Structures are given as structure tokens and as C-alpha cells.
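# Chains, contacts and geometry: an overview
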Amino acid sequence: VYNTPMVISTWEFTNAATKSWSVLNMTGTAIDAVVAGCTVCEQEQCGGTVGYGGSPDENGETSLDALIIDGSTMNMGAVGHMKRIKSAAKVARLVMENTKHTFLVGDEATQFAIQMGFKETNLSTVGSLNLWKQWKSNNCQPNFWTNVNPDPKKYCGPYKPNLLKNLKPKPNIVDTKNHDTIGIIAIDHEGNIAAGTSTNGAKFKIPGRVGDSPIPGSGAYAMNTYGAAAATGDGDILMRFLPSFHAVQAMKYGIYPTEAAQLAIDTITNYYPDFSGAVIAVNKFLKYGDDTTSVGNTSKKSKTQPNSKYNLNYLKF
Ligand code: SD4
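Residues numbered from 1 in each chain as written. Predicted model: local features only at pLDDT ≥ 70, side-chain atom pairs only at ≥ 80, totals over all residues. Heavy atoms only, no water.

With that out of the way, let us pick up the environment of Glu108. Along the chain, the position of Glu108 falls in helix H4 (residues 106–115). Between the alpha carbons of Glu108 and Val79 there is a distance of 9.8 Å; along the sequence they are 29 residues apart. (Helix = DSSP H or I, 4+ residues; strand = E, 2+ residues; numbered from the N terminus.)

This part covers the pairing of strand S6 (residues 193–199). When you tally the buried positions in S6, you get seven out of seven residues, the bulk of the element. Burial along S6 is two-sided: Ile193, Ala195, Thr197 and Thr199 facing one way and Ala194, Gly196 and Ser198 facing the other are all buried. As paired strands, strand S2 (residues 63–70) and S6 are joined by six bridges and run antiparallel to one another. The residue of S6 that forms the bridge with Ala66 is Ser198. Hairpin connection from strand S5 (residues 182–187) to S6: five residues lie between these consecutive antiparallel strands, with Gly191 at a positive phi of about 85°. (Buried < 20%, exposed > 50% of the residue type's maximum accessible area, 1.4 Å probe, protein only. Pairing = 2+ DSSP bridges.)

The full set close to the ligand counts 11 residues, and Asp180, Thr181, Arg209, Asp212 and Thr232 are the nearest of them. At 2.5 Å, a side-chain N or O of Asp212 approaches a nitrogen atom of the ligand. Gly235 has a polar backbone atom sitting 2.9 Å from an oxygen atom of the ligand. Considering the ligand on its own, with 290 Å² of exposed area, one finds that the protein chains cover 100% of that surface. The residue makeup of the shell around the ligand, split by class, is no nonpolar, eight polar and three charged. (Near = heavy atom within 4 Å. Polar contact = N/O pair within 3.5 Å; in protein donor to acceptor, adjacent residues only side chain to side chain. Areas by Shrake-Rupley, 256 points an atom, 1.4 Å probe, with all protein chains shown as cover. Nonpolar A, V, L, I, M, F, W, Y, C, P; charged D, E, K, R; others polar.)

Time to look at the sheet that holds S5. Across the sheet, six strands lie side by side as S1-S5-S6-S2-S3-S4; this open sheet has mixed pairing. Lying at the two open borders of the sheet, with one neighbouring strand each, are strand S1 (6–9) and strand S4 (103–105). The sheet shows a mean angle of 10° between the axes of neighbouring strands, taken without regard to direction. In the sheet, S1 pairs with S5 via four bridges, with the strands oriented antiparallel. The partner of Ser9 across the bridge, within S5, is Ile184. Strands in contact with helix H1 (residues 14–25) are S1 and S5; relative to S1, the strand with the most contacts, it is inclined by about 160°. (Axes fitted to C-alpha atoms, helices over the stretch in contact; angles between N-to-C directions. Contact = heavy atoms within 4.5 Å.)

Turning to the sheet that holds strand S8 (residues 227–233), a few remarks are in order. Strand order in the open sheet formed by three strands is S7-S8-S9, with antiparallel pairing between adjacent strands. With partners counted over all chains shown, the strands left at the sheet margins are strand S7 (220–223) and strand S9 (277–283), one partner each. Direction aside, the axes of adjacent strands within the sheet are offset by 5° on average. Most of the contacts of helix H7 (residues 243–252) go to S8, to which it runs at about 150°, and overall it touches S7, S8 and S9.

Another aspect to go through is the pattern of salt bridges. In the structure shown here, the tally under the stated rule is six salt bridges. A salt bridge links Glu61 to Lys83, with the nearest nitrogen and oxygen atoms 3.5 Å apart. Residue Glu61 is located in the loop between helix H2 (30–44) and S2, and its partner Lys83 is located in strand S3 (residues 75–83); the two are separated by 22 residues in the primary sequence. Looking at Glu61, the relative accessible area reads 28%, which means it is partly exposed. By relative accessible area, which is 18% here, Lys83 ends up buried. When salt bridges with common partners are traced through the structure, they connect Asp32, Arg93 and Glu97 into a single cluster. (Salt bridge = Lys/Arg side-chain N within 4 Å of Asp/Glu carboxyl O.)

This part covers the packing of aromatic side chains. A complete count under the given rule lists four aromatic pairs for this structure. A ring pair is formed by Phe241 and Tyr271, whose centres lie 5.6 Å apart and whose planes are at 45°; its orientation type is tilted. A residue pair is termed long-range when its members are at least 10 positions apart, and Phe241 in the loop between helix H6 (235–238) and H7 and Tyr271 in helix H8 (residues 257–271) qualify at 30 residues. For Phe241, a relative accessible area of 18% gives the class buried. Feature note: the residues Phe241, Tyr271 and Tyr272 constitute an aromatic cluster, connected by ring pairs. (Phe/Tyr/Trp six-rings, centres within 6.5 Å; stacked < 30°, edge-to-face > 60°.)

Our next topic: unusual backbone geometry. Of all residues except glycine, most have a negative phi; of all peptide bonds, most are trans. Phi at Trp11 takes a positive value of approximately 65°, unusual for a residue other than glycine. The topology assignment puts Trp11 in the loop between S1 and H1. A relative accessible area of 6% places Trp11 in the buried class. Positive phi, close to 55°, is recorded for Gln45, a residue that is not glycine.

Encoded structure:
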């Protein structure tokens, strides 16, 4: 065990990382720390794209995706497109601990959460409804999710299949305003590694869309024996490449976390040069990616903020 514990997360979600850190220092497990950190972000609505009241879909509704991975047992739990329940990470943990399944989706994930004692509640807020109304009154512009330049007269959400025939996939337009998933990796005093994600996905998505974040190997991955990784960015592209799994596999072969994250991103940009996204990675020796990772077709530096309390590594767009 190398100088544990440790927490690393995406973005500047300092309260979440600090919470994870304090859980670890009160001898919580890596899983406890990841769930606690994600939960803070869900409550704080980090970046507007974690938790309730963010990323309304074409119908104006918010839904949540979350994933929890225990790298000591390879036990995992996830929820996707879960509506009307605020605590996605906690529900994901209960999928992991109380069932033999890995991934519950949609209304049935909501029903599972209700059975586990969670309160059903509306995830919309004045803010999210205003955002949606604005989008509607602007002829559903910007439009990210259909492969069509919509003619406002014909197209204004919800999705209309006849407009989408014979169109080639293209990367979605994303920027820091519509992307901010939390991904956390924690290593506890025992050297156990856990990873997790929580997000409300993508603005104005087609209802039913699930992003990369709850998909094991895509949104996050962890294996005690090698390390862990988490991804953030354009989930519709990310999930095609399982970047978190890729980075952990690279670390398995001795590749340093920075290069492992870079490899995962490079594989994506080979196919989608305009892709926006990032991967964070840490190996079992507690080494983590630093300032050489570029993202997409532009070379952008990560910001590393280690201090005596915690190590935060932001690989930003
Ligand atoms: C998604 N990957 O649902 C998420 C969004 C995200 O930073 O990561 N934002 O596509």
C-alpha cells in the first residue's frame, strides 16, 4: 500500500473530492468515498450536469445515469435513464450490493429505487424548465443530437424519424457548458480501488438516451490489480471505445497513467478528430495522469492540484 488514501476526480468539483477524502480518512472504504463524493455533486447539481434540475431532454424531463465499481471484487452497479429519483449513485450502489444484476434502466430503475426506500420526486426545476422552454422557443436550437441540420419549420423535437434517414453519424457539438459529469476514483487505506460516475447526461437529448457514464469500461473502470480510470465528454462517442477499460488495460501493461489516458483519447480522435472529452487515470501505485494529455484535436493541458489533503487531477477540454 503506497501512501494511501487518495481521491482524484474530474473537473473542479472540490466539495465532492473533499467529501470523499474525509470519508476515506474516517476509515471509510473506497466505495463509500466514491458514493459520498458523487452524492455531494448530485445534491449541489455540480456544473448543472450532475443531479436533478439539469440537462432537460426533448420533453423537458431530467433523467440520471450513475455507475459504481468496486475494483477489489469487480462488483458493479449502475442505473441509466432513471427518472424522479435524486440519488443516482446511491441507487447504483444498491444495485451492486442488493442484486445480482449490474445495470437497471428507465422506469424500472425508478421502481427499484422506490422499493429501496428512495423518495420519488420531480427532477425538474425552474432553471431546467426555463432552459427547455428557451430551447423550444428557439426552434430547438442548438440541436445536438439528430444527425440533421433541422429545418425549424419541420423539426422542433421530439425526435421525428423521417428526418433522420441516411444520415452519417457525426460528433456532437459539446462544450464546457453542456458537459460536466463527475467521475471519481478513490483508493482507501487497504489499497482497494473504486470508481464511479454520476450525470444527468446531455441537454435536449432524445428521451431514452443513455450516455457513456453508467457503462462499465466506458464511464469508469477499476481493478485493484492495475488501477482505475474515468471519462467525461461526449458520451455518444465515448461509449463506442470503452476508454476507461482501455486506460486500465494500458496500465496493466505498465503504461504510465498519463499515457494510458492519452492512448484512450487518441484512439477516439483517430476516428473522430473533433471529439471533445477527457480521461483521468490512476494506477495502483497512486500515480496519476499529469499535464501532457491533450484532448480532441486541440492540445489542452490538464491541471493538477496535488496538496497535502488530496490529489485532484483535471484533464479539461
Ligand atoms: C454523457 N459523458 O452523458 C456524459 C456527459 C459528460 O461531462 O461527461 N459530461 O454524455
